[in-house]
Amino acid sequence: MPTHLKSLHDFSKEALTSFIDLAIKLKTERQQGVIHRQLNGKTIGLIFEKPSTRTRVSFEAAMYGLGGQVIFLSGRDTQLARSEPLKDMARVMARYVDGMVVRTFGQDVVEELAGYSSVPVINALTDLHHPCQILSDIMTVIEKKGAIQDLKIAWVGDGNNMANSWIQAAGRLGFELILACPEGYAPNPEILATARAEAAKPITLLRDPAQAVQEADVINVDVWASMGQESEQEERLTVFQKYQVNDQLLALAPETAIVLHCLPAHRGEEITDEVLESARCVAFDQAENKMHMHKAILAQLIGE
Ligand code: CP
Ligand code: NVA
C-alpha cells in the first residue's frame with residue numbers, strides 16, 4: 001500500500017517531525033553544495049485544477065533537485081475536464097508515474113485518487129487542507145524560534161484550508177494554537193474537535209484578533225477569499241476588516257512575534273504593505289522552505 005499525504009492527520013507526530021528534520025538537513029546540505037540524487041529515475045505527475053506559483057514551482061524544483069522528473073498537467077487539459085472518472089485517472093496515472101501531486105477543490109477528489117492509486121498521492125491544496133504548506137511553515141518557525149512545542153501560534157482571519165491544517169498540526173505535534181475568526185467563518189468543526197481530543201495544549205477559537213495575538217510568538221495570516229471564493233470577495237472585504245494584520249494589531253503582540261503569510265498576499269486587505277515588507281515578516285523564507293520541505297516529502301514517500 002502506498003503512503004498518501006491527504007492531510008496531516010495521515011501521519012504520526014514522529015512521521016511529521018521526520019519530514020521537518022529531513023527538510024532542514026536537505027536545505028543545509030544544498031547550501032554546502034551537496035548534490036542530491038535520491039529520486040534518480042523517478043517521475044511525478046502534478047495535476048493542478050487551481051492556479052499556483054509557489055507550490056507548483058517548488059515541487060518541480062524539488063523533484064529536479066533530487067534527480068527526478070516532472071510531468072505537469074493542468075486540470076483543464078486532461079480528460080477529467082470531460083468527466084473521465086477519477087478512479088480511472090488514478091489507475092492510469094499510477095502506471096506512468098511514481099507519485100501524484102494534486103491541487104484541486106474537493107478533498108474528496110484527493111481521497112478518491114488515493115483510494116485507487118498504487119502510487120503515493122500528495123495533497124498540494126484542497127478547499128479543506130494545505131498540509132505541505134503547514135509543514136514548511138512549521139519548518140520556518142523552528143528555524144526562527146527553535147522548537148515549536150512551547151510557542152503560542154496565532155491564526156488571524158478566515159477559518160480556511162490553512163487554518164484547518166494548522167489545527168491538525170497543533171493536535172498532532174502538541175503546540176498551543178489560538179485562532180481569531182469572524183462569526184460564520186470558523187474552521188471545520190470536525191477537524192477542530194478531532195484535534196482537540198488528542199491535543200496536549202489548548203486549541204482556542206476566539207473572535208477577537210487582539211486577544212489572539214497578545215501573547216503570540218507567531219502570527220499567521222492568509223487571504224480573506226480563497227481560490228474558488230471569488231464571488232464572496234466583496235462581502236468578505238467587509239466582514240474581515242478588523243482582522244487586518246497591520247502595525248496597530250502588531251503593537252498589541254510581543255515585540256518578538258514574527259508574522260507568517262503563505263502568499264500570495266493582498267496588500268491592504270489581510271496584511272499591510274508595511275507589515276509584509278518588515279523584518280518581522282518571514283513570508284519569503286516560508287516560500288523558500290516549501291522547496292526543501294517538498295524534497296523531504298517526495299524523498300520519504302517515493303524514494304527507496
Ligand atoms: N502558498 C501557496 O500555496 O502558493 P501558490 O498558490 O502560489 O502555490
Ligand atoms: N487559502 C488560500 C491559500 C493559497 C495558497 C487559498 O486556498 O486560496
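Here is what the cut-offs are and how they apply
Residues numbered from 1 in each chain as written. Chains lettered and ligands numbered in written order. Predicted model: local features only at pLDDT ≥ 70, side-chain atom pairs only at ≥ 80, totals over all residues. Heavy atoms only, no water. Helix = DSSP H or I, 4+ residues; strand = E, 2+ residues; numbered from the N terminus. Buried < 20%, exposed > 50% of the residue type's maximum accessible area, 1.4 Å probe, protein only. Contact = heavy atoms within 4.5 Å. Near = heavy atom within 4 Å. Polar contact = N/O pair within 3.5 Å; in protein donor to acceptor, adjacent residues only side chain to side chain. Areas by Shrake-Rupley, 256 points an atom, 1.4 Å probe, with all protein chains shown as cover. Nonpolar A, V, L, I, M, F, W, Y, C, P; charged D, E, K, R; others polar. Pairing = 2+ DSSP bridges. Axes fitted to C-alpha atoms, helices over the stretch in contact; angles between N-to-C directions.

## Things to note about the side chain of lysine 27
You can see lysine 27 is positioned in helix α1 (residues 13–31). According to the relative accessible area criterion, lysine 27 is buried, its value standing at 10%. The residues contacting lysine 27, other than those within four sequence positions of it, are Met139, Glu143, Glu288, Asn289 and His292.

## Side note on the site of ligand 1
Near ligand 1, the surroundings consist of Ser52, Thr53, Arg54, Thr55, Arg103, His130, Gln133, Cys262, Leu263 and Lys290. Backbone polar atom of threonine 53 to an oxygen atom of ligand 1: 2.8 Å apart, as the coordinates give it. Residue arginine 54 places a main-chain N or O atom 2.9 Å away from an oxygen atom belonging to ligand 1. For ligand 1, the accessible surface in isolation is 250 Å², of which the surrounding protein chains cover 95%. Here the shell around ligand 1 is built from residues that sort into two nonpolar, five polar and three charged.

## Points about the sheet that holds strand β3 (residues 99–103)
Strand pairing in a sheet takes place through backbone hydrogen bonds and is either antiparallel or parallel in direction. An order of β2-β1-β3-β4 is seen for the four strands of this open sheet, with the pairing classed as parallel. Each edge of the open sheet is held by one strand with a lone partner, namely β2 (69–74) and β4 (121–123). Adjacent strand axes in the sheet meet at a mean angle of 20°, parallel and antiparallel pairs treated alike. Sheet topology places strand β1 (residues 43–48) next to β2; six bridges connect them, and they run parallel. Counted as the bridge partner of isoleucine 47 is leucine 73 from β2.

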